[in-house]
Amino acid sequence: MKKLPSVAYFCMEYALDTEMRTYAGGLGILAGDYLKGAKEYNYPIAGIGINWKQGYSDQVIGADNKPYDAYHNYKYDFLKDTGVKVTVKIRQRDVVCKVWLVDKYDNAPIYLLDTDLPENEDAWITGQLYGWFGEERIAQEMVLGIGGVKALRALGIETDIYHFNEGHALFAGFELIREKMDRGLTFKDALKKTKEEIVFTTHTPIIQGNESHYIDRLMYMGANCGLTIEQLIEIGGSPFNMTVGGLRLSKISNGVAQLHKDTANKMWKNVEGKSDIIGITNAIHLKTWVDERMLKAAEDFNIDEDSKNNIWNAHMFNKEALIEFVYERNGVKLDKDKLLIGFSRRAAPYKRSNLIFSDKEIIEPLLKAGKIQIVFSGKAHPLDDTGKEIVENIVKMSKIYPNSVVFLENYDMTIGKMLTRGSDIWLNNPRRPLEASGTSGMKAAMNGVINCSILDGWWPEACEDGVNGWQFGDGFESEDFKELDEHDKDALYKVLLEKVIPTYYDNREKWINMMVASINSTKKYFSVERMLKEYYELMYQK
Ligand SMILES: *Cc1c(COP(=O)(O)O)cnc(C)c1O
């Protein structure tokens, strides 16, 4: 058999465990699960990332119901010192990057670069994940990309494929070109050869989420690695768009779900010279997120009467654990016999965390009677005032309906895990098609927590309506957000009132059958094992 290509996986964030604050959200969750999967299924992959001193914001709710950001310095004593240091020239100054190894979480090796050293004037570069924009962000991306390639060389890790998970690592491509030009290749030949080594994953379908930088700023920072202005423009345009650069510097690219592949192809159709964008749907690391007892109970469901009860009992165990967790955190005691809806998402407008509150006349009686209980969580981006208002509004709702609405502050992996195990329903209502994939719904599905979601991201690939979960909105799209929100709100209430609530209270047998179908229909396809196989077959080995 041919040897598998060795892959260096570049990502700005890794979510491996709650204690390690080197992540903000879904991108990091994907990367963490990917590297754990690489270890479990024996793939030659090494991760490259940054040892963020303060990680992402700790976001807590103040007495005025508003979210506030707090930053703490974290030091992880379990990181292994590789003894390797590399230097990146940033703004004409040498910045030393120390290379740490993370291998604590049954993960393939992840190397984290760190500029917080006494010899650095610019020690603060690796201070805050997504902390700043402009020059500071470019400096961070130079450490990840250029420092990352240098670290691979210094560590002696042979690399066949460089996988940029999102555009942040793009400067690694410049460094790879520079290396070849130093060996005497022309720009054209170096570019061609480099393209054969790079694969690129794009994530965000929101235009503003696709970072760009002024060319003169890239030059001033030294991010160009010796390339000329014209050469930079050839790769990423002007201003230089990191996603466009990724599409042009790679042999192949991918979106993170099949629907997202279509969205990305539409979005970038005018980019000449881009690589093909295929779809590889995200997946999760089961051992991290899924309760073994639920998998087993779903598998053995049809053996006898006892086995039929097992799945409900295992679910109730997780639901009670969540109820206890909520009580410890917020002092609210939810009712285990009432329907519990989980919703945790970054508070971005397109995710519409407040959609369920749109019509007071419909939702208030349900909340007052305790027919439904909703547990929310999710951070707003520290600089996003609209996102912060969304959080504030949910917190206010939790004050108005204290027994049926809860907001858990400072969303992290622990909350994610508790909610995707202990809820009855996992609600998701983004504006289609703006959710690239979503992985929290997969965690829920495999734990027997029934998805009730707009047909966006991964859900169109999994949903058998009324069998393993529910869809609502029928895939409706409109650029008129008012029209779209109105449409989806009606659809949400309809599915809640006509399907979810009656099934939960009046047809427990059907509910349990849906739980079983949810687990059995998703656990294989949405496992990181399938995803890794596809990345190898469709991208790395192509
Ligand atoms: C799973 C998870 C995510 C990603 O979930 P989405 O479905 O993309 O919202 C983000 N943050 C945490 C803490 C998670 O556990």
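Cut-offs used in this document
Residues numbered from 1 in each chain as written. Predicted model: local features only at pLDDT ≥ 70, side-chain atom pairs only at ≥ 80, totals over all residues. Heavy atoms only, no water. UniProt positions renumbered as here; feature names shortened; annotations may be inferred. Helix = DSSP H or I, 4+ residues; strand = E, 2+ residues; numbered from the N terminus. Buried < 20%, exposed > 50% of the residue type's maximum accessible area, 1.4 Å probe, protein only. Domains from an automatic or database assignment. Contact = heavy atoms within 4.5 Å. Salt bridge = Lys/Arg side-chain N within 4 Å of Asp/Glu carboxyl O. Polar contact = N/O pair within 3.5 Å; in protein donor to acceptor, adjacent residues only side chain to side chain. Nonpolar A, V, L, I, M, F, W, Y, C, P; charged D, E, K, R; others polar. Pairing = 2+ DSSP bridges. Axes fitted to C-alpha atoms, helices over the stretch in contact; angles between N-to-C directions. Near = heavy atom within 4 Å. Areas by Shrake-Rupley, 256 points an atom, 1.4 Å probe, with all protein chains shown as cover. 1 Å grid on protein atoms, 1.4 Å probe; cavity = no way out; pocket = protein on both sides within 12 Å on 5 of 7 lines; lining within 4 Å. Points joined across faces, edges and corners; volume = space filled by probe spheres on them. Parallel < 35°, antiparallel > 145°, perpendicular 65-115°, else oblique.

As annotated in an unreviewed UniProt entry, the protein chain carries the name glycogen phosphorylase and comes from Clostridium paridis. Recorded under Catalytic activity (unreviewed entry), the UniProt text for the protein chain is reproduced unchanged: "[(1->4)-alpha-D-glucosyl](n) + phosphate = [(1->4)-alpha-D-glucosyl](n-1) + alpha-D-glucose 1-phosphate". Annotation of the protein chain in UniProt includes, under Sequence similarities (unreviewed entry), the sentence "Belongs to the glycogen phosphorylase family."

A word on unusual backbone geometry
Backbone torsion omega between Ser 238 and Pro 239 reads -5 degrees, so that peptide bond is classified as cis. Inspection of the secondary structure assignment puts Pro 239 in the loop between helix H6 (229-236) and strand S11 (240-241). Backbone geometry at Asp 106 places phi at a positive 50 degrees, although glycine is not the residue there. If you trace the backbone, Asp 106 turns up in the loop between strand S6 (93-102) and strand S7 (110-114). Since its relative accessible area comes to 57%, Asp 106 is described here as exposed. We note that Asn 410 has phi near 60 degrees; this positive angle belongs to a residue other than glycine. Here Asn 410 shows up in the loop between strand S16 (405-408) and helix H14 (413-422). On the basis of relative accessible area, Asn 410 is assigned to the buried category, the value being 17%.

Here's the deal with the domain arrangement of the protein chain
Per the domain assignment, the segments making up the protein chain are domain 1 (7-284 + 530-540) and domain 2 (286-526). When each unit is reduced to the centre of its C-alpha atoms, the spacing between domain 1 and domain 2 is 32 Å. With 39 residues of domain 1 at the interface, the matching set in domain 2 holds 42 residues. Here domain 1 and domain 2 share three salt bridges between them. Asp 69 is the salt-bridge partner of Lys 388, the closest N and O atoms lying 2.5 Å from each other. Linking domain 1 with domain 2 are 18 residue pairs in polar contact (both at pLDDT 80 or more). Among the secondary structure elements, those contributing two or more residues to the side of domain 1 that touches domain 2 are helix H1 (26-40), strand S3 (58-61), strand S4 (67-70), helix H8 (258-267) and helix H19 (528-540). Partitioning the side of domain 1 that touches domain 2 into residue classes produces 18 nonpolar, ten polar and eleven charged.

With respect to the sheet that holds strand S17 (residues 425-428)
Pairing in this open sheet of six strands is parallel, and the strands run S16-S15-S14-S17-S18-S19 from one edge to the other. Either end of the sheet is taken by a strand with one partner, and the two such strands are S16 and strand S19 (470-472). Sheet twist, expressed as the mean angle between neighbouring strand axes with direction ignored, is 20 degrees. In this sheet, S16 lies alongside strand S15 (residues 372-377) in parallel orientation, the contact comprising four bridges. Each bridged residue has a counterpart across the sheet, and for Ile 374 the counterpart in S16 is Val 405. Against the sheet, helix H18 (residues 508-522) touches strand S14 (339-344), S17, strand S18 (450-454) and S19, its axis set at about 80 degrees to S18.

Remarks on the site of the ligand
Lining the immediate surroundings of the ligand are 13 residues, of which Tyr 411, Asp 412, Thr 439, Ser 440 and Lys 443 lie closest. The side chain of Ser 440 places a nitrogen or oxygen atom 2.6 Å from an oxygen atom of the ligand. Its free accessible area being 390 Å², the ligand has 93% of it covered by the protein chains. Of all elements in the fold, only H1, H14 and helix H15 (440-446) reach the threshold of two or more residues within the shell around the ligand. For the shell around the ligand, the residue count by class is four nonpolar, six polar and three charged.

Re empty space enclosed by the protein
If you roll a probe as big as a water molecule over the atoms, it shows you where there is empty space left. In total, this model carries one cavity of 30 Å³ or more according to the counting rule given. Of the voids in this model, the largest cavity is the one considered here, and its volume is about 40 Å³. If you list the elements that add at least two residues to the lining of the largest cavity, you get S15 and helix H13 (385-400). Grouping the constituent residues of the lining of the largest cavity by class yields six nonpolar, three polar and one charged.

Considering the sheet that holds strand S8 (residues 161-165)
If you trace the nine strands from one edge of the open sheet to the other, you get S5-S6-S7-S2-S1-S8-S9-S12-S13, paired in mixed fashion. Looking along the sheet, the strands with just one partner apiece sit at the ends: strand S5 (80-90) and strand S13 (277-279). With strand direction ignored, the average angle separating the axes of adjacent strands in the sheet is 25 degrees. As paired elements, strand S12 (residues 252-255) and S13 share three bridges and run parallel to each other.

Overview of the packing of H1 against H19
Two elements in contact, H1 and H19, have axes separated by 9 Å at closest approach and are oriented at 85 degrees. The angle between the axes of H1 and H19 places the two elements in the roughly perpendicular class. Residues Leu 30, Asp 33, Tyr 34, Gly 37 and Ala 38 of H1 form the contact with H19, whose own contacting residues are Val 528, Met 531, Leu 532, Tyr 535 and Tyr 540. Residue composition of the contact of H1 with H19, grouped by class: eight nonpolar, one polar and one charged.

So, the side chain of His 163
Mapped onto the secondary structure, His 163 falls in strand S8. Judged by its relative accessible area of 0%, His 163 is buried. Within the local environment of His 163, its side chain forms a polar contact with the side chain of Thr 201, the two groups lying 2.7 Å apart. Residues in contact with His 163, not counting those within four places in the same chain, are Val 7, Ala 8, Tyr 9, Phe 10, Tyr 34, Val 199, Thr 201, Tyr 535 and Tyr 540.

Overview of the packing of H6 against helix H7 (residues 242-249)
H7 packs onto H6 with a crossing angle of 85 degrees between their chain directions and a minimal axis gap of 7 Å. Relative to H7, the element H6 lies roughly perpendicular. For the pair H6 and H7, the contacting residues are Ile 233, Glu 234, Ile 235 and Gly 236 in the first and Val 244, Gly 245, Arg 248 and Leu 249 in the second. Of the residues in the contact of H6 with H7, the class split is four nonpolar, two polar and two charged.

So, the pattern of salt bridges
Tallied over the full model, the rule gives 40 salt bridges. As a salt-bridge pair, Arg 21 and Asp 58 come within 2.3 Å of each other at their nearest N and O atoms. Placement of Arg 21 in the loop between strand S1 (7-10) and H1 and of Asp 58 in strand S3 is noted, with a sequence separation of 37 residues between them. Each member of the pair, Arg 21 as well as Asp 58, carries the same accessibility label: buried. Of the charged contacts in the structure, one is a salt bridge between Arg 432 and Glu 477, with a shortest N-O distance of 2.6 Å. With Arg 432 in the loop between S17 and H15 and Glu 477 in the loop between S19 and helix H17 (481-506), the pair connects residues that are 45 residues apart, well separated along the chain. On the basis of relative accessible area, Arg 432 is assigned to the buried category, the value being 16%.

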